[in-house]
Amino acid sequence: MPSASPSPLHQAVLRRTILARHLWALVRSAFPHSSTSIFAPAGTPAHSILSLSMLVLGITAAIFLIVAGLLLYAVVRYRHRASDANAAQEPAQIYGSNQIELAWTVIPILIVVLLFLATARIILSTQNAPRPAAALDVTVVGHQFWWEFSYPKLGIVTANELHIPVSDPKHPTPTYLTMTSADTDHSFWVPRLAGKMDLIPNQINTMWLDPQAPGLYLGQCAQYCGVQHAKMLLRVYADTPADFSAWVVRQQQPAVNSPDPQAAAGRAVFQRSVCISCHTVSGTVATGRFGPDLTHLASRETIASGSVPNTPANLRAFVDNPAAFKPGALMPAMHLNQRDLDALTAYLTTLK
Amino acid sequence: MSQAAVIPQTIPWVLPSRGVVGMACLIIAESAIFTIFIVAYIYYLGKDTSGPTPRQVLDLPIFTTLCLLSSSLTVHLAVSALHRANRTLCSLWLAVTVLLGGIFLGGTAREWHKLIVRDGLTLQTNLFGTTFYSLVGLHATHVLVGLVMLSLALIFSLNGSMTAKHTGRLEVLSLYWHFVDAVWVVVFTVVYVLGR
Amino acid sequence: MATHTPAPADINQPAGLVTYAAPRRLLLDVLHDWVTTVDHKKLGLMYIGYALIFLVIAGFQALLMRVQLSLPNNTFVSPQTFNSLFTMHGTTMVFFVGMPILFGFGNYLVPLMIGARDMAFPRLNAFSFWISAFGGLLLYFSYFGASGLYGAGSAPDVGWFAYAPLTARVFSPGHSTDYWTLAILLSGIGSIGTALNIVATTLCMRCPGMKLSRMPLLVWLYLVTSSLVFVAVSPLTAAQIMLLLDRYAGSHFFDTQAGGSAVLWMHFFWIFGHPEVYILILPAFAFANEIIPVFSRKAIFGYPAMVAASVGIGFISLSVWAHHMFTVGLGPGANTFFTLATMVISVPTGIKLFNWLATLWGGKIHFTASMMFAIGFLFQFLIAGLSGIMLSVAPMDWQLGNSYFVVAHFHYVLVGAILFMLFSAFYYWFPKMSGRMLSERLGKWHFWIFLIGFHLTFDFMHVPGLLGMPRRIYTYEADRGWMIWNLIISSGAVFQAAGTLLFVYNMVWSYFKGPIAGPDPWDAWTLEWSTPSPPPAYNFAVIPTVESRRPLWDLKHPDDPDSRYE
């Protein structure tokens, strides 16, 4: 018959557990939360990798505890102590044992088989996942040092900030990324959503994302691609279906043709400078493909591939001298005079 | 006391020759290098988007191949002759080997001349050009080095420096030459037979 | 230690020989002697000395990187400088520290352990050393030479594995990449030469009675290592010839703009690169196989299994290379195969670890400085192997590959296993090489200080990887939560530097003032301990004949020799 109140032992254990939890929370608060932790999955690939990781961690932790435990025991128990009676004698010389060798060959083989089967299952399920009809197609092209995102079926081209719809597990709407590179190798890594996949020139790679909660997911290039590899950041916005449709509609518009006189002056500066040889602003003469599409530049939260907040002051400084933010970025300093620079900045901030 | 120093060597103790083992190691390493060039050749077969293809420009180099392969036989005969202390015969067979190898190189030069001048195929033309010239060129370089060594051996045979007691060393050189021929068999098969 | 039989009398001094002290020589004569030597012992010491100099240089490069990474958006060094630092640090450590120091020990020990007077090809030995040394100097000349993109003098900045097409002329103008290519090409030739020498020496110059099954395990492991060099270094040589042709002769091996393949470079590089790390670890295993038994006072457990496992590791290591390419898009079939092959290699590796454990078991362990480093090796290699198993699981590698988790894993192997075992080997064989003992007291300080630094840095380095920090970034954003971990990692570097300096001091001081070692200070059992310390140029006055795996054990225990049990 269970007693009405918990036993003293039970109470003691409970108190210690609560204490341990508080301590753990305290310890964790000393270490700031990470926005790119693989332990906070928000999409199916990241979830399945984390589950597999827990199994692997469990197995390897068990192996560690057993083997390290035995090592520690051996090192302590079999110390040479000068005070021992037979300290001067050599210990018994044991040359080997076939049975023991067999045992510690067979057991690891069994562990390997187990681990391999569990792994093969996840490899196949991730890489051979069937593609639902409602999937969104995005083409990703890696550049030194920025990301080009285009939505072929929607007629949208943008850069560095990827907007994709949230995917409801009951009615999945994943995003399929078809990826390649225009120059060196890059790698697309947003840890909370999925493992990474490389962008290789002259080769097409694919992966899929299905963020299950709306929000901003951070990542960055994970394959050394040159001087500014560290600043080739990723921002993936998982939008609710309504937000995503609205974003698509806005992005599908040609560039805003602002009547503001300073913006018009800035547009003139843009179109007579070499800007147009690298950048596209749809609906104008600027059709350059070497640099990011600027049609809706002002709708982005950051510039310089996620590394600089998109404010007029930063924009102005960047156009004046990109190397101040990203030394080695392939955009040259534009050497404009102050008046042209002001006008140009005003123009760019109208490109919503 | 150290018995180790005093045990009489009544046990028979025969170990392989250093030269043969050393050459075998070199052959293994060189085979690995050739394998990579052959893999590159095979990997890029059919991937050209422009330029001449193997089928269009390559003719089977039957005659030069026969020369090179028979030079393996002649170098073996040279080694046997030296072993029997027949210096004249050894010099003769070495000279024939060098001649046959030289014919092979000359044939390769003629083939390349035709490819470059008539067919417009160079290292830079396309992937076939890149992989063909580098693979065949690597082999030809090895043939050249072998010919230089064989010529030196020929000179030493002619002036009397190389005698029967040096048979082991000539044999090690002949191993290298056999290796060069074996590589040609593979290259010939991959480039001129399978790849065309 | 057992002393019922005196250590074997110096068998190199036949009775009645008078020795005399040679007169002091001019410095020039000494230099000439060393520069023209073909003696395997002197060449071995030159390899080791050369590697230690580069260890300090590359260690300093690591310190600079750690300062830069301690804070987000730090400006201690420029991006270009940082990128050169990690390239030079990796290239130097692998090719101009790891390879020379391990081949230096091999050069010194293999002939002595098999009862030979020198290597099979002494002049090739000298040539191999000098061409490797030249390669290292060439790499560092790039700091001065190079007409790089950013002004006079620029060291390579393409990463130690120099992926294409970043190394193409269009993305890496100037000559910095060429210095990388040529330096490694030359060092590769040197490695192949030394490996050839080791194989020929081992197969052709063993003393009478030393069948292959009686060779010390160190010699077996160097045999496997050298065989791996032939089939692993050559692909890199081939790939670098292709890269040079691409850069200067207009070929298209890796020219993606003309249909070439970036992935092909990766395949060729990793067909070299993975066996390369086994080339680095197998000599560490070799040292463990000699040192752990002596300080446990027991024969190695399972000699035949150890041989089989070592050979097995050599073979399997050739089949796992694409586990460095799990994120490249090879497809599920390839990813599955390479996961399996990589997991399989853990079986023979585990067998070795268990055999070392069994050697300790039932022994009488002496905690000399050498043994302490060896025990550190055992624990740390276990951990490194387990993190390797995690990375072999391809989906885990999709998250953790190219992140600081990988950097932590391979430094755990390179520093925690290989460098620790190297320190152990130094404390063990320095007496033989110099005739004097290293200070045990300083050695223990070295051990503890270095151990603390190692764990501070490389235990905590796993965490940023788990939190999404990629490798080869000169800085990071403040909002990622990586700073605290980077600070802890950097703090450990200071301890490691201190420990290393203490070690260098120990060596220098002990060389001049250390206690005289005698031929056999550790009461060990292999043939090198039967010569004076240091051995004379000819090693053995009379070539010994052996009847078991532990010839000196047989001499010291004539009532219970090993030969009875083999």
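This is a predicted model, so every value here is computed, not measured.

### Details of the overall build of chain C
Then, in step 1: Counting secondary structure elements, chain C contains 17 helices and 0 strands.
Then, in step 2: Here the C-alpha radius of gyration of chain C, 24 Å, is about what a compact globule of 566 residues would show, namely 24 Å.
Then, in step 3: For chain C, the C-alpha atoms occupy an extent of roughly 75 × 50 × 40 Å along the three principal directions.
Then, in step 4: Burial statistics for chain C: of 566 residues in total, 66% are counted as buried.
Then, in step 5: Long-range contacts, defined as pairs at least 24 residues apart, comprise 81% of the intrachain contacts of chain C with a sequence gap of at least 6.

### Digging into the interface of chain C and chain A
One frequently used descriptor of interface size is the decrease in accessible area upon assembly of the parts.
Then, in step 1: Listed per partner, the contact involves 77 residues of chain C and 78 residues of chain A.
Then, in step 2: Elements supplying a minimum of two residues to the side of chain C that touches chain A: helix 3 (79-113), helix 7 (262-296), helix 8 (303-316), helix 9 (332-344), helix 10 (346-360), helix 11 (369-392) and helix 12 (394-400) of chain C.
Then, in step 3: Residue composition of the side of chain C that touches chain A, grouped by class: 46 nonpolar, 25 polar and 6 charged.

### Overview of the interface of chain C and chain B
Then, in step 1: Opposite the 39 residues of chain C that make contact, chain B presents 33 residues.
Then, in step 2: Within the residue set of the side of chain C that touches chain B, elements represented by two or more residues are helix 5 (176-204), helix 6 (217-248), helix 7 and helix 17 (551-556) of chain C.
Then, in step 3: Sort the elements by how many residues they give to the side of chain C that touches chain B and helix 6 of chain C lands first, with 9 residues.
Then, in step 4: Classifying every residue of the side of chain C that touches chain B by side-chain character gives 29 nonpolar, 9 polar and 1 charged.

### Observations concerning unusual backbone geometry
Then, in step 1: Residue A:Phe145 follows A:Gln144 across a cis peptide bond; omega there is 5 degrees.
Then, in step 2: Tracing the backbone shows A:Phe145 in the loop between strand 1 (136-143) and strand 2 (146-151).
Then, in step 3: The step from C:Ala164 to C:Pro165 runs through a cis peptide bond, and the omega angle for that step is -5 degrees.
Then, in step 4: By secondary structure assignment, the location of C:Pro165 is in the loop between helix 4 (122-141) and helix 5.
Then, in step 5: A positive phi is found at C:Asp523, a non-glycine position, where the angle reads about 55 degrees.
Then, in step 6: Looking at where C:Asp523 falls in the secondary structure, it is placed in the loop between helix 16 (483-513) and helix 17.

### Quick notes on helix 16 of chain C
Residues and elements named next belong to chain C.
Then, in step 1: Taking 1.5 Å as the rise per residue, helix 16 with 31 residues should run 45 Å; its terminal C-alpha atoms sit 45 Å apart, in good agreement.
Then, in step 2: Every buried residue of helix 16 is listed here: Trp485, Asn486, Ile489, Ser490, Gly492, Ala493, Gln496, Gly499, Thr500, Phe503, Asn506 and Ser510.
Then, in step 3: Residues of helix 16 that are buried in the fold lie against helix 2 (40-69), helix 13 (404-434), helix 14 (440-460) and helix 15 (462-466).

### Regarding the pairing of strand 1 of chain A
Residues and elements named next belong to chain A.
Then, in step 1: Burial of strand 1 is extensive: 6 of the 8 residues sit out of reach of the surface.
Then, in step 2: In this structure, strand 1 lies alongside strand 5 (residues 175-181), joined through 7 bridges in parallel fashion. Looking across to strand 5, one finds that Val138 is bridged to Leu177.
Then, in step 3: Between strand 1 and strand 2, which pair antiparallel and follow one another directly, the connecting turn spans 2 residues.

### Examining the sheet that holds strand 6 (residues 186-189) of chain A
All names here are of chain A.
Then, in step 1: Within the open sheet, the 5 strands sit side by side as 4-10-9-6-7. Their pairing is mixed. Looking at the sheet topology across the chains shown, the edges are occupied by strand 4 (161-165) and strand 7 (197-199). Averaged over all pairs of adjacent strands, the angle between their axes in this sheet comes to 30 degrees, without regard to strand direction.
Then, in step 2: As defined by bridge partners, strand 6 adjoins strand 9 (residues 215-221) across 2 bridges and the pair is classed as antiparallel. By the bridge assignment, Phe188 is partnered in strand 9 with Cys221.

### Side note on the pairing of strand 10 (residues 233-239) of chain A
Residue and element names in this part refer to chain A.
Then, in step 1: Most of strand 10 sits out of view: 5 of its 7 residues are buried.
Then, in step 2: Sheet topology note: the strand 4/strand 10 ladder contains 5 bridges and is parallel. Paired with Glu161 across the two strands is Arg235, which belongs to strand 10.
Then, in step 3: Of the pairings in the sheet, the one linking strand 9 to strand 10 comprises 6 bridges and is antiparallel in character. Residue Leu218 lies in a different strand from strand 10, and its bridge partner there is Arg235.

### Examining the sheet that holds strand 2 of chain A
Residues and elements named next belong to chain A.
Then, in step 1: Taken in spatial order, the 5 strands of this open sheet run 3-2-1-5-8, and their pairing is mixed. In this open sheet, the two strands that pair with only one neighbour each are strand 3 (156-159) and strand 8 (205-209). Ignoring strand direction, the axes of neighbouring strands in this sheet form an average angle of 25 degrees.
Then, in step 2: Sheet topology places strand 5 next to strand 8; 5 bridges connect them, and they run antiparallel.

### A word on the confidence of the model for chain C
All names here are of chain C.
Then, in step 1: On average, residues of chain C carry a pLDDT of 94, and 95% of them reach 70 or more.
Then, in step 2: Segment residues 1-11 is flagged for pLDDT under 50; beyond a separation of four residues in sequence, or across chains, it makes 23 contacts in the model.
Then, in step 3: In the model output, the complex is listed with pTM 0.93 alongside ipTM 0.94.

### Regarding the arrangement of the chains
Then, in step 1: A comparison of contact numbers over the 2 pairs of chains in contact places chains A and C at the top.
Then, in step 2: Chain B makes no contact with chain A, the minimum C-alpha separation between the two being 12 Å.

### Some remarks on the packing of helix 8 of chain C against helix 10 of chain C
All names here are of chain C.
Then, in step 1: The geometry of helix 8 relative to helix 10 is characterised by a closest axis approach of 8 Å and an angle of 150 degrees between their N-to-C directions. Our classification of the angle between helix 8 and helix 10 gives roughly antiparallel. Helix 8 and helix 10 meet at a crossing whose hand is left-handed. Facing Ala305, Met306, Ala309, Gly312 and Ile313 of helix 8, the residues of helix 10 in contact are Pro348, Thr349, Ile351, Lys352 and Asn355.

Calculation criteria
Residues numbered from 1 in each chain as written. Chains lettered and ligands numbered in written order. Predicted model: local features only at pLDDT ≥ 70, side-chain atom pairs only at ≥ 80, totals over all residues. Helix = DSSP H or I, 4+ residues; strand = E, 2+ residues; numbered from the N terminus. Rg over C-alpha atoms; globule rule 2.2 N^0.38 Å. Buried ≥ 20, exposed ≤ 12 C-beta atoms within 10 Å, placed from the backbone. Contact = placed C-beta atoms within 7 Å. Nonpolar A, V, L, I, M, F, W, Y, C, P; charged D, E, K, R; others polar. Expected span 1.5 Å × (residues − 1). Pairing = 2+ DSSP bridges. Axes fitted to C-alpha atoms, helices over the stretch in contact; angles between N-to-C directions. pLDDT = per-residue confidence, 0-100. Parallel < 35°, antiparallel > 145°, perpendicular 65-115°, else oblique. Left-handed = near helix turned anticlockwise from the far one by under 90°.

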